[in-house]
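Spelled out from the first residue to the last, the chains are:
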Protein chains: 2
Amino acid sequence: MEPVSTEHVTTLRRFNRYFTRRIGALDDHYLGQDRPLGEARLLYEIGDGASLRELRSRLGLDAGYLSRMAKALEAQGLVRITVHPQDTRLRLAELTPAGRVEVKEQNRRANRLAEGLLSGLTPAQRGQLTESLGTAQRLLRLAAITVELVDGAAPDARACLDVYAADIDARFPEGYDRAALVQPHEVSGDTGAFLVAYEEGRPVGCAALRRLEPGVGEIRHVWVHPAARRLGLARRLLAELERQAAERGYGVVRLDTHATLTEAQAMYRACGYTGIPRYNDDVYGGYWFEKSLPKPPLIP
Amino acid sequence: MEPVSTEHVTTLRRFNRYFTRRIGALDDHYLGQDRPLGEARLLYEIGDGASLRELRSRLGLDAGYLSRMAKALEAQGLVRITVHPQDTRLRLAELTPAGRVEVKEQNRRANRLAEGLLSGLTPAQRGQLTESLGTAQRLLRLAAITVELVDGAAPDARACLDVYAADIDARFPEGYDRAALVQPHEVSGDTGAFLVAYEEGRPVGCAALRRLEPGVGEIRHVWVHPAARRLGLARRLLAELERQAAERGYGVVRLDTHATLTEAQAMYRACGYTGIPRYNDDVYGGYWFEKSLPKPPLIP
DNA sequence: CCCTACCTTTGACTACAGTCAAAGAAATAT
DNA sequence: ATATTTCTTTGACTGTAGTCAAAGGTAGGG
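Residues numbered from 1 in each chain as written. Chains lettered and ligands numbered in written order. Predicted model: local features only at pLDDT ≥ 70, side-chain atom pairs only at ≥ 80, totals over all residues. Heavy atoms only, no water.

Q: Would you mind going over the protein's contact with DNA strand C in detail, with residue names and values included?
A: A:Arg53, A:Arg68, B:Gly38, B:Tyr65 and B:Thr88 are the nearest of the 21 residues found near DNA strand C. In DNA strand C, atoms within 4 Å of the protein come 66% from sugar and phosphate. The contact in question runs from a base oxygen of DNA strand C to an N or O atom on the side chain of A:Arg68, over 2.7 Å. Residue assignment for the surface near DNA strand C shows that the elements contributing at least two residues are α3 (52-59) and α4 (63-75) of chain A together with α2 (37-46) and α4 (63-75) of chain B. Counting residues per element, the surface near DNA strand C draws most heavily on α4(A), at five residues. (Near = heavy atom within 4 Å. Polar contact = N/O pair within 3.5 Å; in protein donor to acceptor, adjacent residues only side chain to side chain. Helix = DSSP H or I, 4+ residues; strand = E, 2+ residues; numbered from the N terminus.)

Following this line, the structure appears as structure tokens:
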């Protein structure tokens, strides 16, 4: 991997210092107002209802601490806590009308704060700021996502394929038959690979490689969770999978895409793939692509 | 002022949430490590030495709280506290060699964290992120700066002119004579104005308006502190001063600039000023500009 | 049916962050 | 010379955040 230039590190750190001290701290202070910050955050996070378990993982809180805060909010009449109908170990928290009012008030305060800040800028500058922040957030999210090689039979791998199958089943006019998915053993070991992308511990994308014929690998199931799209994650998965393919001795990789997935086709072309004639009898294939890989560096 | 669009507010708030929770919180956690966060911040802020008074205002801490923390750091051998030689009410804090080591270690950790984040991006993406963050920070700083109309005799006004005079005295080949500065009464009241820009309570720029002849105002001493340059603050001061001029019934404003200040000349042209012949006998003038102002809106 | 894993609650703490008021010492203004 | 202001220190607090361990109830696998 390329070394990180000090200029980039400095800018990120300077921004971080400036932003957390000036904007973030202000925001926290206003959000809480007459309520402890922890409670205010919890209230906000409950939103349209959530289980304590979920809240705990989202906010990264200790179970006991959370339990007590939830109880305090319940005592204040802001939250109603019920037992999960299916799994009675779980507790569900939801806002009461009073809680909803409180959250609305939080939102109003935060909006006013943001408006106050933005009002110091001209409309053109506001647009520029919005664009910069959007770009920065996209890139920061992408940077925080890790791509890992997992076994084709790993639960996360299967979970990704489940969502993937449901996703394209809804998108293909003819639906999608799960029988077309790769088998775990095809995408594991010396000839195959399965990559899962994680954002904050949750799988948000995948990509699979299997052997097609000697020297030729096939890339399949490149998929990104809807909430993680437009970050450039698919390209990253693809690049990483190509590295894996080269390491496994493949000189060429092929793939097919459904005729309806025009964005995917554009991406493959942009990543150096060229259209080729049909190479398989996949019923979902509409376009076929191929890319030659560089020889892997010899690791002594 | 134009209303702030919800899109801009939403983007700013979303970014704020994401950044403070994900990046900022992480940073704080790593910075502190085995030391309370307050102490870690104080240590960092002391840097090459500072008075307790200064630290208090920079960090926004309670006097008692700060005094105790400083003492704790001194007891740990990280900080040396001495009495100010001129004003014995003041205490000066500076790092001991051990303190310096500790701060270096903090820096190393923070750098590693930033590098870890950036290493997930391609060099091109890193460049894009750096640029976005730079732009965003510029704009956020600008947005947080307030411009206020003050009396020409106000301490902040005179303080600005002092720094201004010293600044250009160093820049003009022939130096600068303070006698050329405006008098307080010229830039106050119905015919004059004095604007001071504040960033976090400190004056970081100024601009003055005085009467030149009936219907014609003169803009003078447009100045921005070196630490606040390249944010677009001069333009903002200028625009606000033009509003003040229009309000005071001036249909035209004029100004002159020294021949060496080429950036200033470019800015005036970009702001709608056009070159005119010499209109005064200012020894520092090298270029003369003029701009017609719109009629002020009638306030009933 | 039993065992294990999971989720929550409760009790008992700790440490950090921060506030307030009183008082002392030195500088500055009048 | 006196009054006022400024800066710091000290004592006495408070509230929030967060940790750890024990215990009790429930779900799911074998």
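Q: Mind laying out the interface of chain A and chain B, listing which residues take part and the relevant values?
A: Between chain A and chain B, the residue contacts involve 58 residues of the former and 58 residues of the latter. Summing both sides of the interface, chain A and chain B together bury roughly 5900 Å²; the carbon and sulfur share of this comes to 66%. Among the residues chain A hides against chain B, the three largest losses belong to A:Arg13, A:Phe15 and A:Tyr18. Together they make up 11% of the total. At the surface where chain A touches chain B, the tally comes to four salt bridges. For B:Arg22, the salt bridge is made with A:Glu200, and the minimal N-O distance between the two is 3.4 Å. (Contact = heavy atoms within 4.5 Å. Buried area = accessible area lost by both parts, 1.4 Å probe. Salt bridge = Lys/Arg side-chain N within 4 Å of Asp/Glu carboxyl O.)

Q: Any chance you could break down the relation of the copies chain A and chain B for me, citing the residues and the numbers?
A: What relates the pair of chain copies is a rotation about an axis plus a shift along that axis. When chain A is fitted to chain B, the residual RMSD is 0.1 Å, and the transformation amounts to a turn of 180 degrees plus an axial shift of 0.0 Å. When the rotation and shift are considered jointly, the pair of chain copies conforms to a two-fold rotation axis. Looking at the rotation axis and the C-alpha trace of chain A, the residue lying nearest is A:Ser132, at 2.3 Å. Interface overlap between copies: 100% of the residues of chain A at the interface are likewise at the interface in chain B, consistent with a symmetric, same-surface contact. (Least-squares fit on C-alpha atoms with pLDDT ≥ 70 in both.)

Q: So what's going on with the protein's contact with DNA strand D? Residues and values would help.
A: Lining the immediate environment of DNA strand D, one finds 21 residues, of which A:Gly38, A:Thr88, A:Arg89, B:Arg53 and B:Arg68 sit closest. Among atoms of DNA strand D positioned within 4 Å of the protein, sugar and phosphate together represent 66%. With respect to DNA strand D, the backbone of A:Gly38 contributes an N or O atom lying 2.7 Å from a phosphate oxygen. Going through the elements one at a time, α2 (37-46) and α4 of chain A together with α3 (52-59) and α4 of chain B are the ones with two or more residues in the surface near DNA strand D. Counting residues per element, the surface near DNA strand D draws most heavily on α4(B), at five residues.

Q: Can you lay out the sheet that holds strand β8 (residues 252-257) of chain A for me, pointing to particular residues and giving the numbers?
A: Two pairing modes exist for strands in a sheet, parallel and antiparallel, and in both the strands are linked by backbone hydrogen bonds. All names here are of chain A. A sheet is described by the order of its strands in space; here seven strands give the open sequence β4-β5-β6-β7-β8-β10-β9, paired in mixed fashion. Looking at strand neighbours, the two that pair on one side only are β4 (146-150) and β9 (274-276), the edges of this open sheet. Each adjacent strand pair in this sheet contributes to an overall mean axis angle of 30 degrees, direction not counted. Looking at chain direction, β8 and strand β10 (residues 287-292) are connected through six bridges and run antiparallel. (Pairing = 2+ DSSP bridges. Axes fitted to C-alpha atoms, helices over the stretch in contact; angles between N-to-C directions.)

Q: Let's hear about the domain arrangement of chain A: which residues, and what values?
A: Once the domains are mapped, chain A shows domain 1 (6-120) and domain 2 (146-292). For domain 1 of chain A versus domain 2 of chain A, the separation of C-alpha centres amounts to 37 Å. (Domains from an automatic or database assignment.)

Q: If you had to explain the packing of aromatic side chains to someone new, which residues and values would you point to?
A: Following the criterion strictly, the structure yields 18 aromatic pairs over all chains and no others. Ring centres 5.3 Å apart and planes at 70 degrees place the aromatic pair A:Phe19 and B:Phe19 in the edge-to-face group. Of this pair, A:Phe19 sits in helix α1 (residues 6-32) while B:Phe19 sits in helix α1 (residues 6-32), which puts the two residues in different chains. With relative accessibility at 0%, the residue B:Phe19 sits in the buried group. Ring centres of B:Phe172 and B:Tyr284 lie 5.8 Å apart, and the angle between their planes is 35 degrees; this geometry places the pair in the tilted category. A residue pair is termed long-range when its members are at least 10 positions apart, and B:Phe172 in the loop between α7 (155-171) and β5 (193-199) and B:Tyr284 in the loop between β9 (274-276) and β10 (287-292) qualify at 112 residues. (Phe/Tyr/Trp six-rings, centres within 6.5 Å; stacked < 30°, edge-to-face > 60°. Buried < 20%, exposed > 50% of the residue type's maximum accessible area, 1.4 Å probe, protein only.)

Q: Lay out the sheet that holds strand β7 (residues 216-224) of chain B in plain terms, naming residues and giving numbers.
A: Residue and element names in this part refer to chain B. Reading across from one edge, β4-β5-β6-β7-β8-β10-β9 is the order of the seven strands in this open sheet, with mixed pairing throughout. The open sheet is flanked by β4 (146-150) and β9, the only strands paired with a single partner. Averaged over neighbouring strand pairs, the angle between their axes works out to 30 degrees when direction is ignored. The pairing of strand β6 (residues 202-213) with β7 spans seven bridges and is classified as antiparallel. Residue pairing for β7: Ala208 is matched across the bridge by Arg220. Lying on the sheet, α7 is in contact with β4, β5, β6 and β7; it crosses β7 at an angle near 75 degrees. Each of β7, β8 (252-257), β9 and β10 is contacted by helix α9 (residues 262-270), which is oriented at about 20 degrees to β10, the strand it contacts most.

Q: Can you break down the nonpolar core residue by residue, with the values?
A: Counting residues in hydrophobic clusters, the biggest one holds 90 residues, and the most contacted among them are A:Leu140, A:Leu233, A:Tyr273, B:Leu140, B:Leu233 and B:Tyr273. Aside from chain neighbours lying at most four places away, what touches B:Leu233 is B:Leu142, B:Ile145, B:Ala197, B:Val204, B:Val224 and B:Ala228. (Core = buried A, V, L, I, M, F, W, Y, C linked by side-chain atoms within 4.5 Å.)

Q: Which residues make up the packing of α2(B) against helix α5 (residues 97-118) of chain B, and what values do they have?
A: All names here are of chain B. Interhelical geometry of α2 versus α5 gives an angle of 105 degrees and a closest axis separation of 10 Å. The orientation of α2 relative to α5 falls into the category roughly perpendicular. Residues Ala40, Leu43 and Tyr44 of α2 form the contact with α5, whose participating residues are Glu102, Val103, Gln106 and Asn107. In terms of residue class, the contact of α2 with α5 is made up of four nonpolar, two polar and one charged. (Parallel < 35°, antiparallel > 145°, perpendicular 65-115°, else oblique. Nonpolar A, V, L, I, M, F, W, Y, C, P; charged D, E, K, R; others polar.)

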